[in-house]
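Each chain, letter by letter, is given below.
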Amino acid sequence: MKELLSILLVFVISQGISQELPDKENLWVYVMAGQSNMAGRGVVEPQDTVTNARIWTINKELGWVLAKEPLHFYEPKMVGLDCGLSFAKELLKSVPANVSIAVIPCAVGGSSVEQWLGDSTHRDVPLMSNFKEKVKFAQEYGLIKGIIWHQGESNANLGSLPTFPSHLLQLFHNFRDISGNIDLPIVMGEIGAFAQPKTKAKNWKALNGELKEIAKKEDNTFLITTKDLMHKGDNVHFDSASQRIIGKRYANEFIKIYKN
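Values in this document were obtained by computation on a predicted structure and should not be read as measured data.

J.: So what about the packing of helix α6 (residues 164-179) against helix α7 (residues 198-217)? Which residues, and what values?
T.: For the pair α6 and α7, the least separation of the axes is 10 Å and the interaxial angle reads 50°. Classified by the angle their axes make, α6 and α7 are oblique. For the pair α6 and α7, the sense of crossing is right-handed. Contacts from Phe164, Pro165, Leu168 and Leu169 of α6 reach α7 at Leu207, Glu210, Leu211 and Ile214. Residues that form the contact of α6 with α7 fall into these classes: 7 nonpolar, no polar and 1 charged.

Below, the structure written as structure tokens:
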């Protein structure tokens, strides 16, 4: 009988199914927002599907499940590996032993900052309404500890660059207002350093420059670098190895925040 129960427990955990969340104060929630490189376009490999009893996420029915990749579900024909699971795994190494991590997927590929601000319905997802719904749901069960944000490819053009900083700051203000925490840490990620052709590469570099300035000037707003990482062959999306590194870099930024 004990052997049978052990087998059943392994099956339940492997399927990401559990009946019991930790206490609210011990469930630290991080929202994943932005466009396709946050939604994930990498190849999901076996290592990305191994669950951990202290790492949670939600499914499309707003049910809690143990996290395994792919986490995002809004674009079923384009789902892939994102940075969420590697982020949570790395973060677990430095949080109290009684704390569990929840990563909440809210990113939608191809979305611009202006679409987020306007609550546009993009690829069948009302961007800000969806974000608000997921945050309010997560707050019933845990504590919102931060946002990881990766976006900018859709704004890296001459028409959008002049207003990008002010629009992004307004969006972050709205995120914090929804969360109920004006000091909520937000960690941004640079867009890739591999854009082609040269004109696009120039615009992407300029947008990364704006992100650096925002991180320097704005309280509780931080930036990780991606300039050494690789694309999956399309000069747009990070490959699987890079996504795992990005997750670790987001986590290590939060670890530095907590130490300070």
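J.: Go over the nonpolar core with me, naming the residues and quoting the values.
T.: Membership of the largest hydrophobic core comes to 75 residues, with the highest contact counts inside it found for Ile101, Trp149 and Leu168. Broken down by element, the residue count for this core peaks at 7 residues, all from strand β1 (residues 27-34).

J.: Summarise the pattern of salt bridges; cite the residues concerned and give the values.
T.: This model, assessed by the stated rule, comprises 11 salt bridges. Across the salt bridge formed by Arg244 and Asp48, the nearest N and O atoms sit 2.9 Å from each other. With Arg244 in helix α8 (residues 240-259) and Asp48 in the loop between α2 (36-39) and β2 (55-58), this residue pair connects regions lying 196 residues apart in the sequence. Between Glu75 and Arg123 there is a salt bridge whose closest N-O contact spans 2.6 Å. In this pair, Glu75 sits in the loop between β3 (64-66) and α3 (84-92) while Arg123 sits in the loop between β5 (121-122) and β6 (125-126), placing the two residues 48 residues apart along the sequence. Overall, the relative accessible area of 7% leaves Glu75 in the buried class. Within this structure, Arg41, Glu75 and Arg123 form a network of salt bridges that share partners.

J.: Lay out the state of the cysteines with the relevant residues and their values.
T.: With the rule as written, the count across this model stands at 0 disulfides. Here Cys83 is not cross-linked by a disulfide; its sulfur's nearest cysteine counterpart is in Cys106, at 13 Å. Taking the relative accessible area as the measure of exposure, Cys83 reaches 1% and is therefore buried. According to the relative accessible area criterion, Cys106 is buried, its value standing at 1%.

J.: Pulling in residues and values, what's your account of unusual backbone geometry?
T.: Cis geometry marks the peptide bond from Glu69 to Pro70, where omega comes out at -5°. Residue placement: Pro70 occurs in the loop between β3 and α3. Residue Pro197 is bonded to the preceding Gln196 through a cis peptide linkage, with omega at 0°. Even without being glycine, Leu62 reaches a positive phi, approximately 60°.

J.: Summarise the environment of Asn252; cite the residues concerned and give the values.
T.: Within the secondary structure, Asn252 sits in helix α8. For the pair Asn252 and Glu61, spaced 191 residues apart in sequence, the C-alpha separation works out to 31 Å.

J.: Residues and numbers for the pairing of β1, please.
T.: Burial analysis of β1 places 8 of its 8 residues in the buried class, the great majority of the element. Residues of β1 alternate between two faces, with Leu27, Val29, Val31 and Ala33 on one and Trp28, Tyr30, Met32 and Gly34 on the opposite face, all of them buried. Relative to strand β7 (residues 143-150), β1 runs parallel, the two sharing 7 bridges. From the neighbouring strand, Met32 faces β7, where its bridge partner is Ile148.

J.: Describe empty space enclosed by the protein, naming the residues involved and giving the relevant values.
T.: Following the criterion strictly, the structure yields 1 cavity of 30 Å³ or more and no others. Roughly 50 Å³ of internal volume is contained in the largest cavity. Taken together, Ala39, Gly40, Arg41, Pro70, His72, Phe73, Tyr74, Glu75, Val79, Gly80 and Ala107 make up the full set of residues lining the largest cavity.

J.: So, the side chain of His72: which residues are in play, and what are the values?
T.: Take His72: it is sitting in the loop between β3 and α3. Take His72: its relative accessible area is 5%, and that puts it in the buried class. Polar side-chain contacts of His72 include one of 3.0 Å to the side chain of Asp82. Ignoring sequence-local partners within four residues, the contact set of His72 consists of Met32, Met38, Ala39, Val79, Asp82, Pro105, Cys106 and Ala107.

Basis of the calculations
- Residues numbered from 1 in each chain as written.
- Predicted model: local features only at pLDDT ≥ 70, side-chain atom pairs only at ≥ 80, totals over all residues.
- Heavy atoms only, no water.
- Axes fitted to C-alpha atoms, helices over the stretch in contact; angles between N-to-C directions.
- Helix = DSSP H or I, 4+ residues; strand = E, 2+ residues; numbered from the N terminus.
- Parallel < 35°, antiparallel > 145°, perpendicular 65-115°, else oblique.
- Left-handed = near helix turned anticlockwise from the far one by under 90°.
- Contact = heavy atoms within 4.5 Å.
- Nonpolar A, V, L, I, M, F, W, Y, C, P; charged D, E, K, R; others polar.
- Core = buried A, V, L, I, M, F, W, Y, C linked by side-chain atoms within 4.5 Å.
- Buried < 20%, exposed > 50% of the residue type's maximum accessible area, 1.4 Å probe, protein only.
- Salt bridge = Lys/Arg side-chain N within 4 Å of Asp/Glu carboxyl O.
- Disulfide = S-S within 2.5 Å.
- Pairing = 2+ DSSP bridges.
- 1 Å grid on protein atoms, 1.4 Å probe; cavity = no way out; pocket = protein on both sides within 12 Å on 5 of 7 lines; lining within 4 Å.
- Points joined across faces, edges and corners; volume = space filled by probe spheres on them.
- Polar contact = N/O pair within 3.5 Å; in protein donor to acceptor, adjacent residues only side chain to side chain.

By themselves these figures say nothing about function.
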